[in-house]
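Examination of the molecular architecture
Listed below are the residues making up each chain.
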Amino acid sequence: MKEKNRYGFVIWLVVFVFLMYFLQSVRGRGTEQELPYSMFKQNLKAGNIVKVTISPEMIRGQYKKDTQVLNFKTVPLADPKLIEEMEINNVSQFSGDMDKGWLMPFLMNWGPMLLLIGFWLWMLKGMQSGGRQMMQFGKSKAKLQATKKTKTTFSDVAGCGEAKEELQEIIEFLKDPAKFQKLGGKIPKGVLLYGAPGTGKTLLAKAVAGEAGVPFFSSSGSEFVEMFVGVGASRVRDLFDQGRRSAPCLLFIDEIDAVGRHRFAGIGGGHDEREQTLNQLLVEMDGFDTKEGVILIAATNRPDVLDPALLRPGRFDRHVAVPNPDLKDREEILQVHARGIKISPAVDLMVIARRTPGFVGADLANLVNEAALLGARKSKQTVEMPEFEEAIDRVIAGPQRKSRVIADREKKIIAYHEAGHTLVARFTAGTDPVHKVSIIPRGPALGYTLQLPLEDKFLTTRQEILSRLDVLMGGRSAEEIIFNEVTTGAQNDLAKATEMAQKMVTEFGMSERIGPLSLRRPEEEVFLGRDFTREPRYSDKTSEIIDEEVKRIVEEARARATKVLREQTVKLTALADRLIEKEIIDSEEIERIINGQQEAVAVSTTPA
Ligand code: ADP
Ligand code: ZN
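Residues numbered from 1 in each chain as written. Chains lettered and ligands numbered in written order. Predicted model: local features only at pLDDT ≥ 70, side-chain atom pairs only at ≥ 80, totals over all residues. Heavy atoms only, no water.

A closer look at the confidence of the model for the chain
When pLDDT is averaged along the chain, the result is 80; 80% of the residues meet or exceed 70. This stretch, residues 144-148, has a pLDDT under 50; its non-local contacts, to residues over four places away or in other chains, come to 6 contacts. Below pLDDT 50 for its whole length, residues 265-270 participates in 11 contacts with residues either more than four positions away or in separate chains. (pLDDT = per-residue confidence, 0-100. Contact = heavy atoms within 4.5 Å.)

If you want it as structure tokens, here you go:
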């Protein structure tokens with residue numbers, strides 16, 4: 001209590017000093033230069049005077065000096081011709097001093113005094129009520145939306161099927177924590193929602209609170225780190241206090257990466273504000289018991305940078321992906337938002353969904369809103385297709401969305417790239433079956449080919465690694481074959497392939513030329529900092545051979561992938577076409593296409 005008291009006092013002192021300074025500068029017109037009357041007249045004759053305000057005791061105004069405009073004041077002398085001269089010399093504005101009323105002079109003379117008295121009274125009051133008012137700094141900004149409980153429910157969230165399913169359990173728990181526990185259910189303390197910005201993470205969290213009928217407290221990681229040292233930690237504490245008082249309830253922390261970034265290991269340590277806040281968060285999470293009925297949901301678009309400590313069991317141990325919407329999801333999201341506006345029956349939302357690959361929920365909400373505005377501007381009864389068309393263009397051109405929207409040609413390249421991975425996987429022995437292939441961006445990847453192993457494996461053979469390399473190279477090979485050109489899109493594949501090949505040579509002893517040596521030390525304890533331990537212990541010559549071997553392995557994988565794809569160009573095109581149309585294909589459909597059972601798609605996409 002005492003400490004917070006002092007804290008409030010310091011802030012008030014700062015405000016007070018600042019006010020004093022401000023008043024001082026107003027009174028003294030800080031930057032005003034005092035000119036002798038003769039100088040004033042000289043400047044007037046030279047045409048430098050811009051503006052003049054005359055009062056009985058003072059002439060104030062502005063004059064030009066070189067390129068600057070400066071304030072001046074001068075004591076007036078009896079000068080009956082002054083007005084005439086000002087007219088001749090083009091003073092653009094002159095006037096008598098207006099009566100400023102009593103307030104300004106009064107404030108200037110009495111303001112500091114009044115402030116002091118007010119401050120003193122406030123201190124007295126503060127002491128009487130235990131310094132409560134002074135503690136407000138550092139209070140979490142979490143907004144209590146408890147009184148009118150959030151009305152958002154899952155029906156407001158389109159798509160996100162898997163995420164909703166995973167969150168169902170949380171809802172059941174929040175509805176009746178006691179009952180849930182009696183049945184022996186174990187509930188996670190924290191859920192991490194991850195996905196691109198605007199995919200509806202906040203919306204989902206809110207809907208969980210809405211579905212369960214519990215209060216929703218939302219705050220943001222960036223709020224925790226924005227202010228003075230120590231405030232972040234105290235805000236975290238307050239957020240949790242607030243939560244405990246209103247249990248059962250849901251605490252939401254947006255942008256958790258702002259506080260939760262990986263703490264720097266080794267060298268210097270680093271003891272900054274963010275780290276303190278993060279530590280406080282960890283302490284709070286460990287300190288509360290799920291029995292209390294408080295659930296924490298955090299959101300981020302950078303799960304990869306989070307400190308592992310945050311993700312450990314008992315903290316944010318449940319991770320739920322909020323993916324970018326696919327075609328069907330986009331249509332549903334459009335439907336959700338179209339509920340609020342009058343739409344002409346001629347509008348087909350599916351057509352709009354088709355035209356907006358790469359759009360996330362926020363973009364689509366924005367799109368519907370723009371269309372409605374355009375309709376209103378044209379005084380239409382209902383919103384029609386042209387408005388939607390125009391709205392799409394507007395959203396695409398919108399400042400923050402530009403980078404996310406995928407152009408048609410890019411979509412085609414991504415489709416061939418992913419189809420390349422899929423086909424190579426299908427026609428190479430020893431690879432895991434393709435479960436799903438998609439050209440919907442997910443995280444930094446523009447598309448993905450998801451392979452799932454049939455069984456858990458603990459050992460990997462050389463042949464299996466080579467097959468994996470082939471699949472990795474398949475994406476880029478497809479681009480080369482079809483477009484006769486490569487893009488930057490394969491960077492991640494190449495990085496992975498290179499790393500894998502390197503491991504084959506230096507760790508797994510899978511290269512004939514190096515022999516069965518494992519050249520890399522096992523990771524030592526992080527002692528000096530993360531990357532300082534990987535010091536090689538082999539000669540330059542060996543190093544050269546390693547490079548050659550890695551290059552050879554990757555090149556060979558590429559050659560094999562290219563060979564497979566050249567033999568299967570028809571299927572490659574069929575698969576890519578289908579991907580362009582549907583954006584996501586599951587294993588069964590992949591089989592049908594590869595076996596030629598899929599009816600031909602209407603639009604054929606011969607490469608541009
Ligand atoms: P995030 O927290 O992931 O950045 P938000 O939850 O703030 O995204 O989403 C912003 C807005 O976009 C929401 O208020 C909502 O109007 C719209 N939106 C996003 N995803 C969906 C969705 N799946 N269904 C309906 N609306 C959505
Ligand atoms: Zn790829």
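Having put the structure on the table, let's press on.
Some points on the pairing of strand 9 (residues 249-254)
In terms of burial, strand 9 is largely enclosed, as 5 of its 6 residues are buried. Inspection of the sheet shows strand 8 (residues 216-220) paired to strand 9 by 5 bridges, in the parallel sense. By the bridge assignment, Ser 219 is partnered in strand 9 with Ile 253. With 5 bridges connecting them, strand 9 and strand 10 (residues 294-300) associate as parallel partners. Counted as the bridge partner of Ile 253 is Ala 298 from strand 10. (Buried < 20%, exposed > 50% of the residue type's maximum accessible area, 1.4 Å probe, protein only. Helix = DSSP H or I, 4+ residues; strand = E, 2+ residues; numbered from the N terminus. Pairing = 2+ DSSP bridges.)

Some remarks on the packing of helix 21 (residues 569-582) against helix 22 (residues 587-594)
Following both chains from N to C, one finds helix 21 and helix 22 inclined at 140 degrees, their axes separated by 9 Å at the closest point. In terms of orientation, helix 21 and helix 22 fall into the oblique class. Crossing handedness for the pair helix 21 and helix 22: right-handed. For the pair helix 21 and helix 22, the contacting residues are Lys 571, Ala 574, Leu 575, Arg 578 and Lys 582 in the first and Glu 589, Ile 590, Ile 593 and Ile 594 in the second. Across the contact of helix 21 with helix 22, the residue classes break down as 5 nonpolar, no polar and 4 charged. (Axes fitted to C-alpha atoms, helices over the stretch in contact; angles between N-to-C directions. Parallel < 35°, antiparallel > 145°, perpendicular 65-115°, else oblique. Left-handed = near helix turned anticlockwise from the far one by under 90°. Nonpolar A, V, L, I, M, F, W, Y, C, P; charged D, E, K, R; others polar.)

Examining the sheet that holds strand 4 (residues 68-74)
Taken together, the 5 strands give an open sheet; going across it, the order is 1-4-3-2-5, and neighbouring strands pair in mixed fashion. Looking along the sheet, the strands with just one partner apiece sit at the ends: strand 1 (33-34) and strand 5 (93-96). Along the sheet, helix 2 (residues 37-45) makes contact with strand 2 (49-54), strand 3 (59-65) and strand 4, crossing strand 2 at roughly 135 degrees.

Notes on the environment of Gly 195
Within the secondary structure, Gly 195 sits in the loop between strand 7 (190-194) and helix 7 (201-212). On the accessibility criterion, Gly 195 (13% relative accessible area) is buried. C-alpha of Gly 195 to C-alpha of Pro 303: the two residues are 108 residues apart in sequence and 8.4 Å apart in space. Non-local contacts of Gly 195, meaning those with residues more than four positions away in its chain, are made with Lys 201, Thr 300, Asn 301 and Val 322.

As for helix 7
End to end, helix 7 covers 17 Å across 12 residues, agreeing with the expected 16 Å (1.5 Å per residue, within 8%). Among all positions of helix 7, only Lys 201, Leu 204, Ala 205, Ala 207, Val 208, Ala 209, Gly 210 and Ala 212 are buried. Contact partners of the buried residues in helix 7: helix 5 (161-175), strand 7, strand 8, strand 9 and strand 10. (Expected span 1.5 Å × (residues − 1).)

Quick notes on unusual backbone geometry
In this model, Ala 247 is joined to Pro 248 through a cis peptide bond whose omega is -5 degrees. Relative to the helices and strands, Pro 248 is located in the loop between helix 9 (231-245) and strand 9. Not every positive phi belongs to a glycine, and Glu 255 is a case in point at roughly 50 degrees. If you trace the backbone, Glu 255 turns up in the loop between strand 9 and helix 10 (257-260). Despite not being glycine, Asn 484 shows a phi value in the positive range, around 55 degrees. With respect to the element layout, Asn 484 can be found in the loop between helix 18 (462-483) and helix 19 (491-506).

Regarding the coordination of the zinc ion (ligand 2)
Listed as protein donors to the zinc ion (ligand 2) are His 417 (NE2), His 421 (NE2) and Asp 493 (OD); their distances from the metal cover 2.0 to 2.1 Å. When the donors of the zinc ion (ligand 2) are listed by position in the chain, the intervening gaps give H-x3-H-x71-D. Of this pair, His 417 sits in helix 17 (residues 408-426) while Asp 493 sits in helix 19, and the two are 76 residues apart along the sequence. (Donors = N, O, S within 2.8 Å, 3.2 Å for Na, K, Ca; no water.)

What to know about the site of ligand 1
For ligand 1, the set of nearby residues contains 17 residues, the closest of which are Ala 158, Gly 198, Lys 201, Thr 202 and His 337. One of the backbone N or O atoms of Ala 158 is found 2.8 Å from a nitrogen atom in ligand 1. Between ligand 1 and the protein, one listed contact pairs an oxygen atom with a backbone N or O atom of Ala 362 at 3.3 Å. Protein contacts shield 79% of the accessible area of ligand 1, which totals 560 Å² for the unbound molecule. If you list the elements that add at least two residues to the shell around ligand 1, you get helix 7, helix 13 (327-338) and helix 15 (361-377). Per-class residue counts for the shell around ligand 1 are 9 nonpolar, 6 polar and 2 charged. (Near = heavy atom within 4 Å. Polar contact = N/O pair within 3.5 Å; in protein donor to acceptor, adjacent residues only side chain to side chain. Areas by Shrake-Rupley, 256 points an atom, 1.4 Å probe, with all protein chains shown as cover.)

Concerning the packing of helix 19 against helix 20 (residues 540-567)
Contact geometry for helix 19 and helix 20: axes closest at 9 Å, N-to-C directions at 125 degrees. The pairing of helix 19 with helix 20 is recorded here as oblique in orientation. The two elements helix 19 and helix 20 meet at a crossing, and its hand is right-handed. Contact with helix 19, carried on its side by Ala 497, Thr 498, Ala 501, Gln 502, Met 504, Val 505 and Thr 506, involves Ile 546, Glu 549, Val 550, Ile 553 and Val 554 of helix 20 and no other residues of that element. Across the contact of helix 19 with helix 20, the residue classes tally to 8 nonpolar, 3 polar and 1 charged.

Remarks on a nonpolar patch on the surface
Together, Phe 106, Leu 107, Trp 110, Met 113, Leu 114, Leu 116, Ile 117, Trp 120 and Leu 121 make up an exposed nonpolar region whose accessible area comes to about 920 Å². Within the fold, Leu 116 resides in helix 4 (residues 103-128). (Patch = residues over 30% accessible without salt bridge, like charges linked within 9 Å, V, L, I, M, F, W, Y side chains within 5 Å. Salt bridge = Lys/Arg side-chain N within 4 Å of Asp/Glu carboxyl O.)

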